[in-house]
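Summary of structural features
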Amino acid sequence: RAKAKGRNATQFFSAEMNARAYEDLLMSKALRDALERDQFILHYQPCVSLVDNRMTGVEALVRWHHPEQGVIPPSTFIPLAERNGLIGQLGHWVFREACEQTARWRMAGLPPVRVAINVSARQFNRRGLIQEIAKLIADNGLTPRDLHMEITESMMMENPERAQEVLRSVAEMGMDIAVDDFGTGHSSLSYLKDFPIHYLKIDRSFVMGLPEDQGALAIVKAILAMAHNLNLKVIAEGVETAAQRDILAELGCDEAQGYFFSRPRRASELTRLLEANQALPVKSH
Ligand code: C2E
Ligand code: MG
Ligand code: MG
Ligand code: MG
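Residues numbered from 1 in each chain as written. Chains lettered and ligands numbered in written order. Predicted model: local features only at pLDDT ≥ 70, side-chain atom pairs only at ≥ 80, totals over all residues. Heavy atoms only, no water.

1. Let's talk about the pattern of salt bridges
Cut-off, in case you're wondering: Any Lys or Arg side-chain nitrogen found within 4 Å of a carboxyl oxygen on Asp or Glu counts as a salt bridge. Numbering goes from the N terminus for both helices and strands, where a helix is a DSSP run of H or I of at least four residues and a strand is a run of E of at least two. For each residue, the accessible area found with a 1.4 Å probe, counting protein chains only, is set against the maximum for its type, and the residue is called buried under 20%, exposed over 50%, and partly exposed in between.
On inspection of all chains with the given rule, the structure shows 12 salt bridges. Two residues, Asp33 and Lys29, come together in a salt bridge whose shortest N-O distance is 3.0 Å. In this pair, Asp33 and Lys29 are both assigned in helix α1 (residues 2–36), 4 residues apart and thus about one turn of the helix distant. For Arg114, the salt bridge identified is with Glu255, shortest N-O distance 2.9 Å. With Arg114 in strand β4 (residues 114–118) and Glu255 in strand β9 (residues 255–256), the pair connects residues that are 141 residues apart, well separated along the chain. Judged by its relative accessible area of 5%, Glu255 is buried. Sharing partners across several salt bridges, the network here consists of Glu59, Glu150 and Lys201.

In structure tokens:
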């Protein structure tokens, strides 16, 4: 009896495993098709200076327009692409598209805001990443200064020596580096000085508590003091209210991003914002 029970349990377990593997396989196929059929699109979210609320840059954020399921957010398909190895191709598409759009904005004579591009862990660890990026930049008549690379703390900490090497090449090329979602990873602060980074992006979870939450306030103050002592600039993520913007400006945070200023928008909408070149948010009449 025990033997029979054991066998049933095994069968049940593997059936569930198979269902999950099957679902992953289906999504992987859909993702591969999506790359061929051009179902991805980049949206761009403005980043503003907290001195004058003018746009300093935009962050490119990828979306998947699935024919049946509608818009699928990156939190769903980036991890999948990392698991099934498609991240190289997807990451290349993102860089190429962002470079082409940046070149269009430059050619149109719009204010030269930088374009920040997110790089995920497996993409970061691929050999040839630097050469690939350098070629896309050159092919589009850009310079590395036109772009920013966003990485996360965990990517620096997983293999610090290798990360330092890659980041040094990026920085030597002239591209600024931002550490995304700062405060959520497990980096020891003393590590930061050993990496050629230029910006820290304070994670939205800390900004959310401002201005009332004393704990969040203390953490934001500590990050600002440490970053500025290390000569890094700070960008606050997820700013949704005027009160959050005001306290961050008062504390000396350099830049901010969030729904208060603008949601991520299509390139065409961003073009209009850049043409207007005014402080954000744009007041409606
Ligand atoms: P992230 O790089 O930290 O991007 C910020 C996320 O916060 C974006 O979500 C953005 O839409 C959202 N956000 C911005 N302002 C606010 C706000 O005021 N309130 C709230 N609640 N959310 C706000 P999104 O576009 O869904 O992207 C999620 C994550 O997916 C990104 O986090 C990034 O880690 C990853 N990702 C996005 N695009 C790419 C890409 O092209 N390549 C890679 N490797 N990862 C990407
Ligand atoms: Mg980012
Ligand atoms: Mg972020
Ligand atoms: Mg975040």
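2. Comments concerning the coordination of the magnesium ion (ligand 2)
Going by this rule: Metal donors were taken as nitrogen, oxygen and sulfur atoms no farther than 2.8 Å from the ion, or 3.2 Å where the ion is Na, K or Ca. Water is excluded, so coordination may look unfinished.
Only Glu59 (OE), Asn118 (OD1), Glu150 (OE) and Asp180 (OD) from the protein coordinate the magnesium ion (ligand 2), and they sit 2.0 to 2.2 Å from it. Each donor residue of the magnesium ion (ligand 2) lies on the same chain, and together they follow the pattern E-x58-N-x31-E-x29-D. A separation of 3.7 Å is found between the magnesium ion (ligand 2) and the magnesium ion (ligand 3), which share Asp180 as a coordinating residue. Residue Asn118 is located in strand β4, and its partner Glu150 is located in strand β5 (residues 147–152); the two are separated by 32 residues in the primary sequence. For Asn118, a relative accessible area of 27% gives the class partly exposed. Using a relative accessible area of 3% as the deciding quantity, one classes Glu150 as buried.

3. Quick notes on the site of ligand 1
Going by this rule: If even one non-hydrogen atom of a residue comes within 4 Å of a molecule or strand, that residue is called near it. Within 3.5 Å is the distance limit for a polar contact, defined as a pair of N or O atoms, with the added protein rule that one can donate a hydrogen and the other accept it, and that residues adjacent in sequence qualify only through two side-chain atoms. All accessible areas in this document rest on Shrake-Rupley with a 1.4 Å probe, and a residue is counted as covered only by the protein chains that are shown. Cavities and pockets are defined on a 1 Å grid built over the protein atoms alone: a cavity is a set of grid points where a 1.4 Å probe fits but cannot escape, while a pocket is an open set with protein on both sides within 12 Å along at least five of seven lines, and lining residues are those with an atom within 4 Å of any such point. Pocket or cavity membership: a molecule qualifies when more than half of its atoms sit within 2 Å of the grid points of that site.
Ligand 1 sits among 23 residues. The nearest are Glu59, Arg63, Asp180, Glu240 and Tyr259. Interatomic distance of 2.8 Å between a side-chain N/O atom of Arg63 and an oxygen atom of ligand 1. Between ligand 1 and Tyr259, the relevant distance is 2.8 Å, taken from an oxygen atom to a main-chain nitrogen or oxygen of the residue. Summarising the interface, the protein chains cover 82% of the accessible area of ligand 1, which totals 800 Å² for the free molecule. Given that more than half its atoms are within 2 Å of the pocket grid, ligand 1 belongs to the largest pocket. Secondary-structure elements contributing two or more residues to the shell around ligand 1 are β2 (55–66), α2 (74–84) and β6 (176–182). Looking at the shell around ligand 1 element by element, the count peaks at 4 residues for β2.

4. Focus on the state of the cysteines
Using the following cut-off: We call a pair of cysteine sulfur atoms a disulfide when they lie within 2.5 Å.
Inspection of every chain in the model, using the stated rule, returns 0 disulfides. Counting only cysteine sulfurs, Cys47 is the nearest neighbor of Cys253, a cysteine outside any disulfide, at a range of 9.1 Å.

5. Here's the deal with unusual backbone geometry
At the junction of Leu210 and Pro211, the peptide bond is cis and its omega measures out at 0 degrees in the coordinates. In this structure, Pro211 sits in the loop between α8 (204–208) and α9 (214–229). Note the cis peptide between Leu280 and Pro281, where omega equals 0 degrees. Along the polypeptide, Pro281 turns up in the segment after α11 (267–276). In the Ramachandran plot, Asn277 falls in the positive-phi region, its phi being about 50 degrees despite a non-glycine side chain. The residue Asn277 is located in the segment after α11 in this model.

6. Brief notes about the confidence of the model for the protein chain
In plain terms, the rule: As a per-residue measure, pLDDT tells how confident the predictor is, with possible values from 0 to 100.
For the protein chain, the average pLDDT comes to 92, and 94% of its residues sit at 70 or higher. Among the scores for the predicted complex, ipTM is 0.98 and pTM is 0.93.

7. Here's the deal with the pairing of strand β1 (residues 40–49)
The cut-off we apply is this: Strands pair, by our definition, only if DSSP identifies at least two bridges between them.
With 9 of its 10 residues buried, β1 lies for the most part within the structure. As judged from the 9 bridges shared by β1 and β2, these two strands associate in the antiparallel manner. Within β2, the position partnered with Val48 by the bridge is Met55. Hairpin remark: β1 followed by β2, antiparallel, with 5 residues in the connecting loop; positive phi at Asn53, about 60 degrees. In this sheet, β9 lies alongside β1 in antiparallel orientation, the contact comprising 2 bridges. Across the sheet, Ser49 pairs through a bridge with Glu255, a residue of β9.

8. Details of a nonpolar patch on the surface
Selection rule: For patches, a residue must show more than 30% relative accessible area and have no salt bridge; joins then use 9 Å for like charges and 5 Å for nonpolar side chains, namely Val, Leu, Ile, Met, Phe, Trp and Tyr.
On the surface, a cluster of nonpolar side chains totalling about 340 Å² of accessible area is made up of Tyr22, Leu25 and Leu26. Tracing the chain through its elements places Leu26 in helix α1.

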